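Each chain, written out:
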Amino acid sequence: MRSLLYILSALSVMGLAYWAYSENYKTQASLDNAHELQSEIGRMQEELAVLRAEWAYLNRPDRLRDLAQLNYDKLELNVLEPGQFGRVDQIAFAEDGLPEFTGAVEVMGEFEQ
């Protein structure tokens, strides 16, 4: 009876050792995957910063103005100048304001697919 208990104890220790060994390898694989994902995120953030810088460079006002002048025959785009914009106090608002809301409005229509 004692030998059966020793054998079962030894088998259970070997089973637990195998389980701990496999969990250790799963944990190491998960940590490696997390490190790879972090480095990929860093690379993508650097790439995004470069793309934003390129976008800002390509959208410079002087470059866009030159392109609009070069392609005026095809696109007929006018160059925006600061004098074309007005101030808020120059806007003529309606004196009477918005119409008064008196009740619910029923809306009906057909839905076509």
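Residues numbered from 1 in each chain as written. Predicted model: local features only at pLDDT ≥ 70, side-chain atom pairs only at ≥ 80, totals over all residues. Heavy atoms only, no water.

A separate point is the overall build of the protein. Helix and strand counts for the protein come out as three helices and zero strands. In the protein, the succession of helices and strands from N to C terminus is α-α-α. Across the 113 residues in the protein, those meeting the buried criterion constitute 2%. (Helix = DSSP H or I, 4+ residues; strand = E, 2+ residues; numbered from the N terminus. Buried < 20%, exposed > 50% of the residue type's maximum accessible area, 1.4 Å probe, protein only.)

The backbone of Glu76 sits at a positive phi, close to 55 degrees, despite the residue not being glycine. Here Glu76 shows up in the segment after helix H3 (72-75).

This next bit is on the confidence of the model for the protein. When pLDDT is averaged along the protein, the result is 87; 88% of the residues meet or exceed 70. By mean pLDDT, helix H2 (residues 61-70) is the weakest element of the protein at 87, and helix H1 (residues 2-58) is the strongest at 96. (pLDDT = per-residue confidence, 0-100.)

A grouping of Met1, Leu4, Ile7, Leu8, Leu11 and Met14 is seen on the molecular surface, where their side chains present a nonpolar patch of about 690 Å² in accessible area. Position of Met14 relative to the elements: it lies in helix H1. (Patch = residues over 30% accessible without salt bridge, like charges linked within 9 Å, V, L, I, M, F, W, Y side chains within 5 Å. Areas by Shrake-Rupley, 256 points an atom, 1.4 Å probe, with all protein chains shown as cover. Salt bridge = Lys/Arg side-chain N within 4 Å of Asp/Glu carboxyl O.)

This part covers the pattern of salt bridges. Following the criterion strictly, the structure yields three salt bridges and no others. As a salt-bridge pair, Arg60 and Asp62 come within 3.5 Å of each other at their nearest N and O atoms. The exposure class of Asp62 is partly exposed, given its relative accessible area of 38%. One salt bridge connects Asp89 with Arg87, and the closest N-O pair in it is separated by 3.2 Å. When its relative accessible area of 53% is taken as the criterion, Arg87 is described as exposed.

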